[in-house]
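Summary of the model geometry
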Amino acid sequence: MFNRIRFKSDEDIELIKRSSLLVGKTLAEVAKHILPGVPLKFLDKIGEEFIRDHGGTPSFKGYEGFPSALCLSLNDVVVHGIPNMTVLEDGDILSVDCGVYMNGYHGDYAYTFAVGNISEDKRLLIERTKNSLYKGIDVAKVGNTTGHIGAAVQNYVEQFGYGVVRELCGHGIGKELHEKPDVCNYGRPGDGPRLQTGMVICIEPMITMGKRKITCDHDGWTMRTADHKPAAHFEHQVAFTTHGTEILSTYKYIAEVLGSEEKY
Ligand code: MG
Ligand code: MG
């Protein structure tokens, strides 16, 4: 993690957008296979092959020793789940986080999927976590601070009694997967660095159905809710260009696979 914010030109941002586009198409390819009976490792294989076949490199594989192309976080796993031979079951929820490195820049975003038929409370958790991401994006504009984003996410989800994970935050992105500033999902408007033209950030609410406390498994990666209640995770990449705020990532390709309507 670099300690200074690295500002990007509109040309740099175009390149980040290309990496981001491949993330979106990879998530959609993986989405086709999110079905009961499918092992997590298989989804990771599909994702990695798709990234490499389209000229990218998986950003996460080898990052600080992370072993896989995708982070696959099932049910009570919040983020950083390592794909293993666990088989998806009807009623599960699965966060798929994908990173692509291409042309010197990283793309990184995530979506939480339903596996088969899920309970109403899980459906609401997913829907509201996604909504909270857009609440954050709504206030992501030059002149506001990262605290505006955190407050928007937090205020929205806490009304439902959900928890906002504190240990992990969104981040800047560019030549490095994780750059400054930290973009936390809690806080107050005015807290944190001011958003400025040339910044590219990942906003990624990690929301728990129960208490917000999380623990890390012995593998050193898997972040799980302490009360084992489910968690959801959505992530978009947002740039502040000379033309204003632009969402570089899109759920359009996922929506085509799911047959759903997506705002972005
Ligand atoms: Mg991220
Ligand atoms: Mg991510």
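Our subject in this report is the structure included herewith. (Residues numbered from 1 in each chain as written. Chains lettered and ligands numbered in written order. Predicted model: local features only at pLDDT ≥ 70, side-chain atom pairs only at ≥ 80, totals over all residues. Heavy atoms only, no water.)

1. Points about the coordination of the magnesium ion (ligand 2)
Keep this limit in mind: Each metal site lists N, O and S donors within 2.8 Å (3.2 Å for Na, K and Ca). With water left out of the atoms, a site can look as if it is missing ligands. Each helix is a run of H or I in the DSSP string that is no shorter than four residues. Each strand is a run of E no shorter than two, and both are numbered from the N terminus. Each residue gets one of three labels from its accessible area relative to the maximum for its type: buried under 20%, exposed over 50%, partly exposed in between, using a 1.4 Å probe on protein chains only.
On the protein side, the magnesium ion (ligand 2) has Asp-97 (OD), Asp-97 (OD), Asp-108 (OD) and Glu-235 (OE) as donor atoms, found 2.0 to 2.4 Å from it. Counting residues between consecutive donors of the magnesium ion (ligand 2) along the chain gives the motif D-x10-D-x126-E. Taken as an interatomic distance, the gap from the magnesium ion (ligand 2) to the magnesium ion (ligand 1) is 3.1 Å; Asp-108 donates to each of them. In this pair, Asp-108 sits in strand β5 (residues 105-114) while Glu-235 sits in the loop between β13 (231-233) and β14 (236-241), placing the two residues 127 residues apart along the sequence. Grouping residues by exposure puts Asp-108 and Glu-235 together as buried.

2. Let's talk about the coordination of the magnesium ion (ligand 1)
Each protein donor to the magnesium ion (ligand 1) is listed here as Asp-108 (OD), His-171 (NE2), Glu-204 (OE) and Glu-235 (OE); together their distances run 2.1 to 2.3 Å. The sequence pattern formed by the donor residues of the magnesium ion (ligand 1) is D-x62-H-x32-E-x30-E. We classify His-171 as buried; its relative accessible area is 2%.

3. Concerning the packing of helix α1 (residues 10-31) against helix α2 (residues 40-53)
For clarity, the threshold we go by: Fitted lines through C-alpha atoms give the axes, limited to the stretch in contact for helices. The angle between two N-to-C directions lies from 0 to 180 degrees. The crossing is said to be left-handed when, going from far helix to near helix, the turn is anticlockwise and less than a right angle, and right-handed when the turn is clockwise. Contacts are assigned to residue pairs with any non-hydrogen atoms lying within 4.5 Å of each other. Note that Gly is not counted as nonpolar here; it falls among the polar residues with everything else outside the nonpolar set of Ala, Val, Leu, Ile, Met, Phe, Trp, Tyr, Cys and Pro and the charged set of Asp, Glu, Lys and Arg.
Where α1 meets α2, the closest approach of the two axes is 9 Å, and the angle between their N-to-C directions is 145 degrees. Taken as a pair, α1 and α2 cross one another with a handedness that is right-handed. In this structure, α1 contributes Leu-22, Lys-25, Thr-26, Glu-29 and Val-30 to the contact, and α2 contributes Leu-43, Ile-46, Gly-47, Phe-50 and Ile-51. Of the residues belonging to the contact of α1 with α2, the class tally is six nonpolar, two polar and two charged.

4. Comments concerning the sheet that holds strand β9 (residues 200-203)
The condition is simple: Only strands joined by at least two bridges in the DSSP assignment are considered to pair.
With antiparallel pairing, the five strands of this open sheet are ordered in space as β8-β7-β9-β14-β15. Across the chains shown, the open sheet's two edge strands, defined by having one partner strand only, are β8 (179-183) and β15 (244-247). For this sheet, the mean angle separating the axes of adjacent strands, direction not counted, is 25 degrees. Of the strand pairs in this sheet, β9 and β14 are connected by four bridges, and their pairing is antiparallel. Residue pairing for β14: Cys-202 is matched across the bridge by Gln-237. Strands β9, β14 and β15 of the sheet are contacted by helix α3 (residues 120-138), whose axis makes an angle of about 10 degrees with β14.

5. Here's the deal with the state of the cysteines
Heads up, the rule is: Any two cysteine sulfur atoms within 2.5 Å of one another count as a disulfide.
One pass over the full model with this rule turns up one disulfide. Here Cys-169 is linked by a disulfide to Cys-184, with a sulfur-sulfur distance of 2.2 Å. Across the S-S bond of Cys-169 and Cys-184 the torsion is about 80 degrees, and the bridge reads as right-handed. In this pair, Cys-169 sits in the loop between β6 (163-164) and β7 (170-172) while Cys-184 sits in the loop between β8 and β9, placing the two residues 15 residues apart along the sequence. Residue Cys-98 stays outside any disulfide, its sulfur separated by 9.4 Å from that of Cys-71, the closest cysteine. Cys-98 gets classed as buried once you look at its relative accessible area, which sits at 0%. Of all cysteine sulfurs in the structure, the one in Cys-71 sits closest to Cys-216, which takes part in no disulfide; the separation is 12 Å.

6. A closer look at the sheet that holds β13
The sheet built from three strands is open, its strands ordered β6-β10-β13 with antiparallel pairing. Only two strands of the sheet have a single partner each, and these edge strands are β6 and β13. Sheet analysis places β6 next to strand β10 (residues 206-208), joined by two bridges and oriented antiparallel. Each residue of the ladder has a partner; that of Val-164, found in β10, is Ile-207. Against the sheet, α3 engages β10 and β13, with an angle of about 40 degrees to β13.

7. Things to note about the packing of aromatic side chains
Filter applied, for reference: In summary, the pairing rule links any two rings of Phe, Tyr or Trp, Trp by its six-membered ring, whose centres are within 6.5 Å, and it sorts them by plane angle into stacked for under 30 degrees, edge-to-face for over 60 and tilted for everything else. Only Lys NZ and Arg CZ are tested; either one counts as a charge over a ring when it is within 6 Å of the ring centre and within 35 degrees of the ring normal.
Per the counting criterion, the structure on display carries eight aromatic pairs. Measuring from centroid to centroid gives 4.8 Å for Tyr-111 and Tyr-251, while their planes differ by 80 degrees, and the two rings are edge-to-face. One end of the pair, Tyr-111, is in strand β5; the other, Tyr-251, is in the loop between β15 and α5 (252-258), and 140 residues separate them in sequence. The exposure class assigned to Tyr-251 is buried, which follows from its relative accessible area of 0%. Judged by centre distance (5.8 Å) and plane angle (40 degrees), the rings of Phe-160 and Tyr-162 are tilted. A relative accessible area of 28% means that Phe-160 is categorised as partly exposed. What links up through ring pairs into an aromatic cluster is the set Tyr-109, Tyr-111, Phe-113, Phe-234 and Tyr-251. Residue placement shows Arg-166 over the ring face of Tyr-186; its charged tip is 4.8 Å from the ring centre.

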